[in-house]
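So the chains spell out like this:
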Amino acid sequence: MLGLPTWLVVLIGLVLNISSALVTHFIIEGKDQQLNILSAQATRNNKEIDLFWVQIEGMERKRETLYLLLNQGDLQKNVAQQFSILLKTYLHQEIPVSMLQNISELDLKINDYQDDLREKIDAKYFLNLGLAELEMVLKKQISRLRTWSIFLQIIGLSLILARDLSRKRTG
């Protein structure tokens, strides 16, 4: 084979096979781990998005309940106090009992709360779009590296097999 000693051809074949194994073990495995991390982050973001929607819908149910209660007349003092505490828990701000009678002011606070949640949903959604793009790039890189790894392995094995062919010719 081009006048090269057989041992050199075999050595080159072994180096190519070892290179293939190293690429597979270190580089591809590292990229697979990155891919898993991105996938886990996207899953966490989707769960948070779902929770934000549940919070928006839950607040809407509370608003509807308040409308129904107000439709029946003035709120009893103990009901108004409990509802005020309930809204404080969700809106993270003091809601005086007197505000429960002023539905337009309370609506603004609820709308602001829901708008904040929608902005968080949008941010998580756009973050997931970026993560999806990174996943595609990593998948392409992994595919390319696997192709190169297989190529190196095939060439390396061919060179090692060339030793056997050279023996059969001379023998």
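Along each chain, residues carry numbers from 1 onward, in the same order as the chain's sequence is written. The predicted nature of this model means local features are confined to residues of pLDDT at least 70 and side-chain atom pairs, given and counted, to a pLDDT of 80 or more, with totals for whole chains, interfaces and linings taken over all residues. For side-chain calculations, the full set of non-hydrogen atoms in the structure is used, while hydrogens and water are omitted.

Peer 1: Can you walk me through helix α1 (residues 6-71) in this structure?
Peer 2: An α-helical turn contains 3.6 residues, so a residue and the one three or four places further along point in the same direction. Strands here are runs of E lasting at least two residues and helices are runs of H or I lasting at least four, both read from the DSSP assignment and numbered beginning at the N terminus. Take the residue count of a helix, subtract one, and multiply by 1.5 Å to get its expected span. The end-to-end C-alpha distance of α1, which contains 66 residues, comes to 96 Å, matching closely the 98 Å that a straight helix rising 1.5 Å per residue would cover. The bend at a residue is defined as the angle formed between two axes, one fitted to the seven residues ending at that residue and one fitted to the seven starting there. Along α1, the largest kink reaches about 30° and is centred on isoleucine 28. Just past α1, the residue glycine 73 takes up positive phi, approximately 120°.

Peer 1: Would you mind going over the pattern of salt bridges with me for this structure?
Peer 2: Pairs can form between side chains of opposite charge whenever their charged atoms are close. Whenever Lys or Arg places a side-chain nitrogen within 4 Å of a carboxyl oxygen from Asp or Glu, that contact is recorded as a salt bridge. Applying the stated criterion across every chain yields a total of 7 salt bridges. Taking the shortest distance from any N to any O, the salt bridge between arginine 146 and aspartate 32 comes out at 3.3 Å. You can see arginine 146 sitting in helix α4 (residues 103-170) and its partner aspartate 32 sitting in helix α1, a full 114 residues away along the chain. For the salt bridge of lysine 124 with glutamate 48, the shortest nitrogen-to-oxygen distance reads 2.9 Å. With a gap of 76 residues between them, lysine 124 in helix α4 and glutamate 48 in helix α1 connect regions that are remote in the sequence. Salt bridges sharing common partners tie together Glu60, Arg63 and Asp107.

Peer 1: Is there a simple way to explain the packing of aromatic side chains in this structure?
Peer 2: In this description, a pair of aromatic rings is defined by centroid distance and the angle of the planes. The criterion for an aromatic pair is that two Phe, Tyr or Trp rings (for Trp, the six-membered ring) have centres within 6.5 Å, with stacked assigned to planes under 30 degrees apart, edge-to-face to planes over 60 apart and tilted to the rest. Following the criterion strictly, the structure yields 2 aromatic pairs and no others. Centre to centre, the rings of tyrosine 125 and phenylalanine 126 are 5.7 Å apart; their planes meet at 70°, and the pair counts as edge-to-face. Residue phenylalanine 126 is classed as exposed on the basis of its relative accessible area of 55%. Sitting over the face of the ring of tyrosine 90, lysine 62 holds its NZ or CZ atom 4.2 Å from the ring centroid. Summary of the burial criterion: residues with accessible area below 20% of their type's maximum are buried, those above 50% are exposed, and those between are partly exposed, where the area comes from a 1.4 Å probe applied to protein chains only. Two limits define a charge over a ring: the Lys NZ or Arg CZ must be within 6 Å of the ring centre, and within 35 degrees of the ring normal.

Peer 1: Honestly, the environment of aspartate 122 in this entry has me stumped. Any pointers?
Peer 2: By the secondary structure assignment, aspartate 122 is in helix α4. By relative accessible area, aspartate 122 is classed as partly exposed at 42%. With 73 residues separating them in the primary sequence, aspartate 122 and isoleucine 49 have C-alpha atoms 8.6 Å apart.

Peer 1: Got a minute to help me understand unusual backbone geometry in this structure?
Peer 2: Most of the time, phi is negative for any residue but glycine, and the peptide bond is trans. A positive phi angle, near 60°, is found at histidine 92, a position not held by glycine. For histidine 92, the position within the fold is in the loop between α2 (77-91) and α3 (97-101).

Peer 1: Help me understand the environment of glutamate 135, please; the structure alone is not making it clear to me.
Peer 2: Inspection of the secondary structure puts glutamate 135 in helix α4. On the basis of relative accessibility, which here comes to 17%, the residue glutamate 135 falls in the buried class. When the C-alpha positions of glutamate 135 and threonine 89 are compared, they lie 38 Å apart, and in sequence the two are 46 residues distant. Should any heavy atoms of two residues lie within 4.5 Å, those residues are considered in contact. Other than its neighbours up to four places away in sequence, glutamate 135 contacts Leu35, Leu38, Ser39 and Ala42.

Peer 1: Even after reading the chapter, I still don't get the nonpolar core, so can you show me in this structure?
Peer 2: In globular proteins that are soluble, nonpolar side chains generally tend to be buried together. If you look at the biggest cluster of nonpolar residues, it comprises 18 residues, and the most contacted ones within it are Met59, Leu66, Leu87, Leu91, Ile95, Leu100 and Leu106. At the level of secondary structure, the elements contributing two or more residues to this core comprise α1, α2, α3 and α4. Ignoring anything within four residues of it in the chain, the contact list for methionine 59 reads Leu87, Tyr90, Leu91, Ile110, Tyr113 and Gln114. Residues grouped as a nonpolar core are buried Ala, Val, Leu, Ile, Met, Phe, Trp, Tyr and Cys residues, joined through side-chain atoms within 4.5 Å. Formed by 9 residues, the second largest nonpolar core is a distinct cluster that contains Val23, Leu138, Ile142 and Leu145.

Peer 1: Would you mind going over the side chain of serine 149 with me for this structure?
Peer 2: The residue serine 149 is located in helix α4 in this model. Excluding residues that lie within four positions of it along the chain, serine 149 makes contacts with Ser20, Val23 and Thr24.

Peer 1: I tried to follow α2 on my own but got confused; where do I start?
Peer 2: Spanning 15 residues, α2 covers 21 Å between terminal C-alpha atoms, matching the ideal 21 Å at 1.5 Å per step. Looking only at α2, the buried set comprises Ala80, Phe83, Ser84, Leu87 and Leu91. All buried residues of α2 project into a common sector of 105° when viewed along the axis, lining one side. Histidine 92 sits one or two residues past α2 and shows a positive phi near 60°. This arc is built from the directions going out from the helix axis to the C-beta atoms.

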